[in-house]
Each structure stands twice: as structure tokens, then as C-alpha cells.
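Next come the chains, spelled out residue by residue.
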Amino acid sequence: MRKGAPGLTAIIKYEFGLDPFDSSCLFMFCGCKKNLIKAVIWERDGFCLLSKKLSGAGRFCWPKTEEEVRELTPEQFHRLMEGFTIEGTIQMRKPKYLC
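Residues numbered from 1 in each chain as written. Predicted model: local features only at pLDDT ≥ 70, side-chain atom pairs only at ≥ 80, totals over all residues. Heavy atoms only, no water.

Colleague: So what's going on with the packing of aromatic side chains? Which residues, and what values?
Modeller: This structure, assessed with the given rule, holds 4 aromatic pairs. Ring plane angle 75° and centroid distance 4.8 Å describe the contact between F21 and W42, whose orientation is recorded as edge-to-face. Highlighted residues: F21 in the loop between α1 (5-15) and β1 (27-30) and W42 in strand β2 (residues 36-42), separated in sequence by 21 residues. Each ring, one from F21 and one from F47, has its centre 5.2 Å from the other, and the planes form 50°; the classification is tilted. Here F21, found in the loop between α1 and β1, pairs with F47, found in strand β3 (residues 47-53); they are 26 residues apart in sequence, far enough to count as distant. Using a relative accessible area of 46% as the deciding quantity, one classes F21 as partly exposed. For F47, a relative accessible area of 29% gives the class partly exposed. Feature note: the residues F21, W42 and F47 constitute an aromatic cluster, connected by ring pairs. (Phe/Tyr/Trp six-rings, centres within 6.5 Å; stacked < 30°, edge-to-face > 60°. Helix = DSSP H or I, 4+ residues; strand = E, 2+ residues; numbered from the N terminus. Buried < 20%, exposed > 50% of the residue type's maximum accessible area, 1.4 Å probe, protein only.)

Set out below in C-alpha cells:
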């Protein structure tokens with residue numbers, strides 16, 4: 001997770017074939033340890049880079065394969081940022097076995 005906004009937007013454009021300048025999309029990336037998320041969004045005059053790192057043993061529930069990748073609703077995004085799964089259940093398993 002060393003990349004900043006330019007590196008992440010290059011991934012969005014060249015690896016995923018998506019438009020990083022689509023201001024209706026927030027593109028999210030997760031680190032290998034699943035405790036850090038970076039997000040990039042275009043805001044008319046530049047890219048905004050957001051990051052959230054969980055403390056302790058917390059882990060984000062993140063897709064493991066391309067087939068698991070999906071669009072999130074605003075409600076699912078807020079649930080993810082609050083430490084819940086996007087399906088609406090609390091993660092109660094031991095951290096090293098989460099997702």
C-alpha cells in the first residue's frame with residue numbers, strides 16, 4: 001500500500017479499464033494485512049486520497065477473488081467503515097480467520 005493517488009489511478013485505468021475521473025465512483029484498495037484501506041475519488045479539481053487503518057487486530061472483510069468484487073451501496077460502505085460486514089452482520093470470528 002505504498003502507492004499514492006497517481007499510482008492508484010493508473011491501476012484503475014490500465015489494470016481495471018475504468019475511468020478514474022468518474023466522480024460518482026469511489027475506488028477502494030485494501031492492503032495485504034486487510035487492516036488498511038485506501039480510497040481515491042475525483043473531485044472536479046483533483047483526486048482525493050482517503051485512508052483508514054484499523055488499530056489492534058481489526059481486519060476489513062475484503063474480497064479474495066475477482067468474482068467476489070462488487071459495487072457497494074452508500075449504506076454498505078458506511079457499514080464497512082464502522083467495522084461491520086457489508087451483509088449486515090457483526091464479525092465475531094478471531095481476527096486471523098476473518099475473510
